[in-house]
Amino acid sequence: MKTENNHFAKAEMLIRKPVSEVFQAFVNPEITSKFWFTKGSGKLEQDTITEWTWEIYGFSLTVTTLVLQENHKIVIEWGNPGETTLVEWLFSALDENETFVSITNSGLKGDPDKIIDQVRNSTEGFTLVLAGAKAYLEHNIELNLVLDRFPKGLA
């Protein structure tokens with residue numbers, strides 16, 4: 001994915017599991033729901049539309065999978081109409097039990113303050129997702145990082 005400006009967010013993390021296992025964690029909602037959203041309408045497949053739901057927030061999002069290269073790359077488009085962005089995952093096998101995951105959210109639009117806000121929120125969000133994935137895949141611990149980011153009772 002080409003990012004010709006600074007209108008993107010990026011988060012990266014080493015996960016000490018085989019690339020096939022890490023890749024499936026982001027493709028299969030039965031696994032992804034252990035560290036990110038609570039429900040997915042199906043596995044990611046190229047040129048298909050999927051719905052992801054965060055039940056605690058009463059929020060769903062439509063995801064269009066544009067690229068799905070087994071154990072290497074996922075590219076989705078998501079967001080509100082007219083405000084969609086691209087999210088790209090790159091999976092790099094460092095050895096048979098270590099995978100480096102890079103997530104880039106690009107195509108952010110708006111005035112400078114809006115773009116800064118989107119970059120900050122996206123970087124924070126994907127960092128929490130990667131940390132949650134690492135804890136779940138390496139240690140089988142569900143940290144609920146994304147679900148606990150905005151607890152009820154806070155203004």
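Look up a bit, the structure's there.
Numbering of residues starts from 1 in each chain and follows the order in which that chain's sequence is written. Restriction of local features to residues with pLDDT of at least 70 applies here, the model being predicted, together with a cutoff of 80 or more for giving and counting side-chain atom pairs; totals for whole chains, interfaces and linings are based on all residues. Derived side-chain values reflect all non-hydrogen atoms in the structure, with water molecules and hydrogen atoms excluded from consideration.

Novice: It is not clear to me how the overall build of the protein chain should be interpreted in this structure. Could you clarify?
Specialist: Put simply, DSSP H or I for four residues or longer makes a helix, DSSP E for two residues or longer makes a strand, and each gets a number counted from the N terminus. On a plain count of helices and strands, the protein chain comes out with three helices and seven strands. At 15 Å, the protein chain has a C-alpha radius of gyration in line with the 15 Å of a compact globule built from 155 residues. Reported as C-alpha extents along the three principal axes, the dimensions of the protein chain are approximately 45 × 40 × 25 Å. Among the 155 residues that make up the protein chain, the fraction classed as buried is 35%. Here the protein chain has roughly 8,600 Å² of accessible surface; of this, 51% comes from carbon and sulfur atoms. Across the protein chain, 14 positive and 22 negative side-chain charges occur, with their mean positions spaced 2 Å apart. For the radius of gyration, the atoms used are the C-alpha atoms, and the globule rule reads 2.2 Å times the number of residues raised to 0.38. To sort residues, take the accessible area from a 1.4 Å probe on protein chains only and compare it with the maximum for the residue type: under 20% means buried, over 50% means exposed, and anything in between is partly exposed. Values of accessible area rely on a 1.4 Å probe in the Shrake-Rupley scheme; residue burial ignores everything except the protein chains shown. Residues scored as positive are Lys and Arg, those scored as negative are Asp and Glu, and His as well as the terminal groups of each chain are ignored. In this description, the location of a charge corresponds to atom NZ of lysine, CZ of arginine, CG of aspartate or CD of glutamate.

Novice: Looking at this model, I keep getting lost on the environment of K10. Mind explaining?
Specialist: Within the fold, K10 resides in strand β1 (residues 8–15). Considering only alpha carbons, one finds K10 and V146, 136 residues apart in sequence, at a separation of 17 Å. Residues contacting K10, with those up to four places away along its chain left out, are S102, I103, T104 and T123. Here, residues are in contact when the closest pair of their heavy atoms is within 4.5 Å.

Novice: What is the right way to read the packing of helix α1 (residues 19–27) against helix α3 (residues 112–139) from this model?
Specialist: In helix packing, the relevant descriptors are the interaxial angle and the interaxial distance, both defined with respect to the helix axes. To obtain an axis, a line is fitted to C-alpha atoms, over the contacting stretch when the element is a helix, and the angle between two such axes runs from 0 to 180 degrees between their N-to-C directions. The geometry of α1 relative to α3 is characterised by a closest axis approach of 11 Å and an angle of 125 degrees between their N-to-C directions. On the basis of their axis angle, the class for α1 and α3 is oblique. Crossing geometry of α1 relative to α3 is assigned as right-handed. Judged by residue contacts, E21, V22, A25 and F26 of α1 engage V129, L130, A133 and L137 from α3. Its residues placed into classes, the contact of α1 with α3 shows seven nonpolar, no polar and one charged. Orientation categories follow fixed angle ranges, with anything under 35 degrees roughly parallel, anything over 145 roughly antiparallel, 65 to 115 roughly perpendicular, and all other angles oblique. With the far helix as reference, a near helix turned anticlockwise by less than a right angle produces a left-handed crossing, and one turned clockwise produces a right-handed crossing. Each residue receives one of three labels: charged for Asp, Glu, Lys and Arg, nonpolar for Ala, Val, Leu, Ile, Met, Phe, Trp, Tyr, Cys and Pro, and polar for the others, Gly being one of them.

Novice: Is there a simple way to think about the nonpolar core in this case?
Specialist: Proteins that are soluble and globular tend to have nonpolar side chains buried together. The criterion is simple. A nonpolar core is a set of buried Ala, Val, Leu, Ile, Met, Phe, Trp, Tyr and Cys residues joined through side-chain atoms within 4.5 Å. Counting residues in each nonpolar core, the largest one holds 31 residues, and the members touching the most others are F26, W36, W52, W78 and W89. Of all the secondary structure elements, the ones that give two or more residues to this core are β1, α1, β3 (48–54), β4 (59–69), β5 (73–78), β6 (85–95), β7 (98–106) and α3.

Novice: In this structure, what is going on with the pairing of β5? I would like to understand it.
Specialist: On a regular strand, one side chain projects to one face of the sheet and the next to the other, so that they alternate. For β5, the tally of buried residues reaches five of six residues, placing the bulk of the element in the interior. Taking the residues that link successive antiparallel strands as the turn, the β5-β6 hairpin has six residues, and the phi of G79 there is positive, at about 120 degrees. By this definition, two strands are paired if DSSP reports at least two bridges between them.

Novice: Hey, could you run me through the pattern of salt bridges in this one?
Specialist: Where charged atoms from two side chains of opposite charge come close, those side chains can pair. When a carboxyl oxygen of Asp or Glu lies within 4 Å of a side-chain nitrogen of Lys or Arg, that pair is called a salt bridge. Counted according to the given criterion, the structure contains eight salt bridges. Residue K10 pairs with E12 through a salt bridge whose shortest N-O separation is 4.0 Å. A salt bridge links R120 to D117; its shortest N-O distance comes to 2.4 Å. Placement of the pair is R120 and D117 together in helix α3, with a separation of three residues, close to one helical turn.

Novice: I tried to follow the packing of aromatic side chains on my own but got confused; where do I start?
Specialist: Pairing of aromatic rings covers Phe, Tyr and the six-membered ring of Trp, with a centre-to-centre limit of 6.5 Å; geometry is then stacked below 30 degrees between planes, edge-to-face above 60, and tilted otherwise. Under the defined criterion, the tally for this structure stands at 17 aromatic pairs. Plain terms: the ring middles of W36 and F37 are 5.7 Å apart, the flat faces sit at 40 degrees to each other, and that makes the pair tilted. With relative accessibility at 1%, the residue F37 sits in the buried group.

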